[in-house]
Amino acid sequence: MADLVITNLHVSVEGNEILKGFNLAIKQGEVHAIMGPNGTGKSTLAYTLMGHPAYEITKGSVTFDGKNLLELEPDERSRLGLFLAFQYPIAIPGVTVANFLRVALNARRKQQNPDDKGFPIPAFRKLLKEKMALLKMDNSFAGRYLNEGFSGGEKKRAEILQMATLEPRIAILDETDSGLDIDALRIVSEGVNTLRGPELGILLITHYQRILNYIRPDFVHVMYNGQIVESGGAELALKLEEEGYDWVRDRFDEKAVLS
Ligand code: ADP
Ligand code: MG
């Protein structure tokens, strides 16, 4: 059973400390939601875990399946079974969704077996069709250039399709709900719920409680100022929905002033 263990993580961006002693452990099969106000470091955490070079780790450790994640390149992290669905997916004009996914899968096969000649096209087509059916996506999606001219909902569905195809063990979903109308939110959430299971751990990063009505988390963590300041079950999300983040600010800022 793979797990991701983040211990006392401190991360700076351009000399500013953004993560200030972040702790979290997540196992395959668990769904953890991280909720927090904007600017609190949620995307910084996601990028750091995936190995973005702009984020400087000054202290702490992250292990995945017992291995030191922080010394691995992003592609090595991916091959270990870590996946990030971006808050702002970028467009790749000229590269179709199908080709993008085939290249990603082939790179992985090649790593496992240097003599691999790549996914036979018919088998790949079959796989992609299955995954798209799972996510209720039209077949025409595969032939479009990745994220080029996609609606907000389509971009997020393309991220979930990548997740379905790469079959990670731990997936980080960074504000997969942002910019979605209620129908798109429901479709994307259904996709995630379809993939949910004992083999997949999910770190669901969100600003709003709304998505948690569709994807019920096992654990909810409130993040503020680069740290987790409170953890609980699904009910903690409802408290945030009712009371907003003011009580977090009040409590945390007061503590900062007194200490
Ligand atoms: P959240 O996702 O919780 O809204 P972020 O992690 O995106 O928060 O940002 C936290 C803080 O770090 C912000 O003040 C933001 O301006 C800063 N920051 C994040 N990434 C960068 C970057 N690549 N360059 C400069 N500042 C950054
Ligand atoms: Mg963010």
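The rules behind these values
- Residues numbered from 1 in each chain as written.
- Chains lettered and ligands numbered in written order.
- Predicted model: local features only at pLDDT ≥ 70, side-chain atom pairs only at ≥ 80, totals over all residues.
- Heavy atoms only, no water.
- Helix = DSSP H or I, 4+ residues; strand = E, 2+ residues; numbered from the N terminus.
- Buried < 20%, exposed > 50% of the residue type's maximum accessible area, 1.4 Å probe, protein only.
- Polar contact = N/O pair within 3.5 Å; in protein donor to acceptor, adjacent residues only side chain to side chain.
- Contact = heavy atoms within 4.5 Å.
- Near = heavy atom within 4 Å.
- Areas by Shrake-Rupley, 256 points an atom, 1.4 Å probe, with all protein chains shown as cover.
- Nonpolar A, V, L, I, M, F, W, Y, C, P; charged D, E, K, R; others polar.
- Donors = N, O, S within 2.8 Å, 3.2 Å for Na, K, Ca; no water.
- Axes fitted to C-alpha atoms, helices over the stretch in contact; angles between N-to-C directions.
- Parallel < 35°, antiparallel > 145°, perpendicular 65-115°, else oblique.
- Salt bridge = Lys/Arg side-chain N within 4 Å of Asp/Glu carboxyl O.
- Pairing = 2+ DSSP bridges.
- Expected span 1.5 Å × (residues − 1).
- Arc of directions from axis to C-beta.

**Q** I'd like to hear about the side chain of Q209, residue by residue, with values.
**A** Checked against the element boundaries, Q209 lands in the loop between β10 (201-206) and β11 (219-224). Here Q209 falls in the buried class, since its relative accessible area comes to 5%. Within the structure, the side chain of Q209 is placed 2.9 Å from the side chain of N213, a separation counted as a polar contact. Leaving out residues up to four positions away in the same chain, Q209 has contacts with M35, A237, L238 and E241.

**Q** Explain the site of ligand 1 to me, and be specific about the residues and the numbers.
**A** For ligand 1, the full set of nearby residues is V13, E14, I18, P37, N38, G39, T40, G41, K42, S43, T44 and Y55. Take T40: an N or O atom from its main chain is 3.2 Å from an oxygen atom of ligand 1. For ligand 1, whose free accessible area comes to 560 Å², the fraction covered by protein is 62%. The greatest single-element share of the shell around ligand 1, amounting to three residues, is contributed by helix α1 (residues 42-50). Considering only residue class, the shell around ligand 1 consists of four nonpolar, six polar and two charged.

**Q** I'd like a description of the coordination of the magnesium ion (ligand 2), backed by residues and values.
**A** Within the first shell, the magnesium ion (ligand 2) binds the protein through S43 (OG) and Q87 (OE1), at distances of 2.1 to 2.3 Å. Here S43, found in helix α1, pairs with Q87, found in the loop between β6 (82-85) and β7 (92-96); they are 44 residues apart in sequence, far enough to count as distant.

**Q** Account for the packing of helix α5 (residues 152-166) against helix α6 (residues 182-195), with residues named and values stated.
**A** Axes are the key here: two packed helices are described by the angle between their axes and the distance separating the axes. Between α5 and α6, the least distance of the axes is 10 Å, while the angle of their chain directions is 5°. In terms of their interaxial angle, α5 and α6 are classed as roughly parallel. Each of G153, K156, R157, I160, M163 and A164 in α5 lies in contact with α6, whose residues at this interface are A184, I187, V188, G191, V192 and L195. Across the contact of α5 with α6, the residue classes tally to eight nonpolar, two polar and two charged.

**Q** Talk me through the pattern of salt bridges; I want residue IDs and the actual numbers.
**A** Within the structure shown, the criterion is met by twelve salt bridges. Taking the shortest distance from any N to any O, the salt bridge between R186 and D183 comes out at 3.5 Å. Here R186 and its partner D183 are both found in helix α6, three residues apart, which amounts to about one turn of the helix. Residue D183 is classed as partly exposed on the basis of its relative accessible area of 42%. Across the pair D218 and R196 runs a salt bridge, and its minimum N-O distance is 3.7 Å. On the criterion of sequence distance, the pair formed by D218 in the loop between β10 and β11 and R196 in the loop between α6 and β10 is long-range, its members being 22 residues apart.

**Q** An account of the sheet that holds strand β12 (residues 227-232) is needed here, citing residue identities and associated values.
**A** On the basis of which strands lie adjacent, the open sheet formed by six strands has the order β6-β9-β10-β3-β11-β12 and mixed pairing. In this open sheet, the two edge strands, each paired with only one partner strand, are β6 and β12. Averaged over neighbouring strand pairs, the angle between their axes works out to 20° when direction is ignored. As judged from the five bridges shared by strand β9 (residues 170-174) and β10, these two strands associate in the parallel manner. If you follow L173 over to β10, its bridge partner there is L204. Contacts from helix α7 (residues 235-243) reach β3 (31-35), β11 and β12 within the one sheet, and its direction differs from that of β12 by about 115°.

**Q** Can you tell me about helix α3 (residues 97-112), naming the residues and giving the values?
**A** Residues lying three or four places apart along an α-helix face the same way, a consequence of the helix completing one turn every 3.6 residues. For α3, built from 16 residues, the straight-helix expectation of 22 Å at 1.5 Å per residue is met to within 8% by its first-to-last C-alpha distance of 23 Å. Taken together, the buried positions of α3 are occupied by V97, A98, L101, L105, N106 and R108. For α3, the angular spread of buried residues about the axis comes to 160°, placing them on one side. As for α3, its buried residues are in contact with α2 (74-80), β7, α4 (121-134), β8 (145-146) and α5.

Such coordinate-based values are descriptive only and should not be taken to indicate function.
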